[in-house]
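Summary of structural features
Below are the chains, spelled out letter by letter.
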Amino acid sequence: MTKYGKILADLHTHTIFSGHAFSTIEENIAAAHRAGLRYLAITDHYYCDGSALDKKNEITRLRYLERDINPTDCGVYVIGGGEFNLGQTPYNPEKIAQLMWKPIGLHSFFMDIPSVTLEQLYQMYVEAASDYSSFAHIERGFHKLEGRRFGVELCPEVKDTLEKLVVLAKDKGVLLEVNEASLLRKSGGVYERMKYWLGIARENGNQIYLGTDAHYSSKIGHFENTLELLGELDYPPELILNLDEDKIKAYCRNL
Ligand SMILES: [Zn+2]
Ligand SMILES: [Zn+2]
């Protein structure tokens, strides 16, 4: 228990289905149970690399993820989701529209990031805001953009873009993610950028959600760094999705 009370959900986690994570769904569910969670969002990466296996996987997870797992009554409700990449279009947008939980974020692995400008990044988020209701780890990747001209310390252009993203999210009803893995890493300026945007988000009244971004089961439900930072900033509990069962159900459709 923290000053925020009980954390009910981990809304960003990966399994071996991602191809570079190390635990099964079953192991993640057991870890969520141990951590006292009621909801576990499985947000394995979408790759959209054009391969036949990738296309098959997209359909498979949409059809089977929740349908097959939740009736086993494992004590933790699995929210079937996926983590999407800015700048990519899924194979079946109309099917993806039915997916319950689909954070989208900047993944430098999937695009030629040094050629991307801050304005282009912002525009990608603007486009994503019409189809996705949550932005993952908006603090990541800035130091790799525009030919790596931004250092890890906060510069006015980066601050301006973060501020615009916070305003965009509020205007479009998009949730912003506080990513525990970003805070664990504390490298590449992510901590400073997250602290900066969270400060603006608090003033702006943005709804946020918490995710560990666990790629191994033992990380699931552990939000120590996240809770420390939110406490430091005195972020209002009523703006944190993971604390409110009714809001979790409302945002993650079909629950
Ligand atoms: Zn990953
Ligand atoms: Zn990610």
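Let me begin by describing the structure that accompanies this report. Everything numeric here is computed off the predicted structure, so don't read it as measured data.

Some details on the coordination of the zinc ion (ligand 1)
Bound to the zinc ion (ligand 1) on the protein side are His-20 (NE2), His-45 (NE2) and His-215 (NE2), at distances that span 2.0 to 2.1 Å. Donor residues for the zinc ion (ligand 1), ordered by position in the chain, follow H-x24-H-x169-H. The two metals, the zinc ion (ligand 1) and the zinc ion (ligand 2), are separated by 5.6 Å. With a gap of 195 residues between them, His-20 in the loop between strand S1 (9–10) and helix H1 (25–34) and His-215 in the loop between strand S8 (208–211) and helix H8 (224–233) connect regions that are remote in the sequence.

Overview of the packing of helix H5 (residues 156–172) against helix H7 (residues 190–204)
Contact pair H5 / H7: the axes reach a minimum separation of 9 Å and the direction vectors enclose 40°. Viewed along their axes, H5 and H7 adopt a mutual orientation that is oblique. Here the hand of the crossing between H5 and H7 comes out right-handed. Each of Val-158, Lys-159, Leu-162, Glu-163, Val-166, Val-167 and Lys-170 in H5 lies in contact with H7, whose residues at this interface are Arg-193, Tyr-196, Trp-197, Ile-200, Ala-201 and Asn-204.

Re the packing of H7 against H8
Geometrically, a packed helix pair is captured by the angle between its two axes and the distance between the axes. Two elements in contact, H7 and H8, have axes separated by 10 Å at closest approach and are oriented at 45°. Judged by the inter-axis angle, H7 sits oblique to H8. Handedness of the crossing formed by H7 with H8: right-handed. Between H7 and H8, the contacting residues are Tyr-191, Met-194, Lys-195, Leu-198, Gly-199 and Arg-202 on the first element and Leu-229, Leu-230, Glu-232 and Leu-233 on the second. Its residues assigned to classes, the contact of H7 with H8 comprises six nonpolar, one polar and three charged.

As for the sheet that holds strand S3 (residues 77–80)
Pairing is parallel in the open sheet, where three strands are placed in the order S1-S2-S3. Lying at the two open borders of the sheet, with one neighbouring strand each, are S1 and S3. Bridge analysis of strand S2 (residues 39–42) against S3 gives four bridges, and the strand direction is parallel. Looking across to S3, one finds that Ile-42 is bridged to Gly-80.

What about the coordination of the zinc ion (ligand 2)?
At this site the zinc ion (ligand 2) is bound by Glu-83 (OE), His-107 (NE2) and His-137 (NE2), with donor distances of 1.9 to 2.3 Å. Considered as a linear motif, the donors of the zinc ion (ligand 2) on their single chain read E-x23-H-x29-H.

A word on the pattern of salt bridges
For the structure shown, the criterion picks out nine salt bridges. Residues Arg-38 and Glu-245 are paired through a salt bridge, measuring 3.1 Å at the closest nitrogen-oxygen approach. In this pair, Arg-38 is assigned in the loop between H1 and S2 and Glu-245 in helix H9 (residues 245–251), connecting sequence segments 207 residues apart. The class of Arg-38 is partly exposed, set by a relative accessible area of 38%. By relative accessible area, which is 21% here, Glu-245 ends up partly exposed. Salt bridges sharing partners connect three or more residues here, namely Glu-146, Arg-149 and Glu-157.

Description of the side chain of Glu-180
Among the secondary structure elements, Glu-180 is positioned in helix H6 (residues 180–185). Lys-219 provides the closest opposite charge to the buried, salt-bridge-free Glu-180, at an N-O distance of 8.1 Å. With sequence-adjacent residues up to four places away left out, Glu-180 is seen in contact with Gly-211, Thr-212, His-222, Phe-223, Glu-224, Asn-225 and Thr-226.

Quick notes on the rules
- Residues numbered from 1 in each chain as written.
- Chains lettered and ligands numbered in written order.
- Predicted model: local features only at pLDDT ≥ 70, side-chain atom pairs only at ≥ 80, totals over all residues.
- Heavy atoms only, no water.
- Donors = N, O, S within 2.8 Å, 3.2 Å for Na, K, Ca; no water.
- Helix = DSSP H or I, 4+ residues; strand = E, 2+ residues; numbered from the N terminus.
- Axes fitted to C-alpha atoms, helices over the stretch in contact; angles between N-to-C directions.
- Parallel < 35°, antiparallel > 145°, perpendicular 65-115°, else oblique.
- Left-handed = near helix turned anticlockwise from the far one by under 90°.
- Contact = heavy atoms within 4.5 Å.
- Nonpolar A, V, L, I, M, F, W, Y, C, P; charged D, E, K, R; others polar.
- Pairing = 2+ DSSP bridges.
- Salt bridge = Lys/Arg side-chain N within 4 Å of Asp/Glu carboxyl O.
- Buried < 20%, exposed > 50% of the residue type's maximum accessible area, 1.4 Å probe, protein only.
- Lys, Arg positive; Asp, Glu negative; His and termini not counted.

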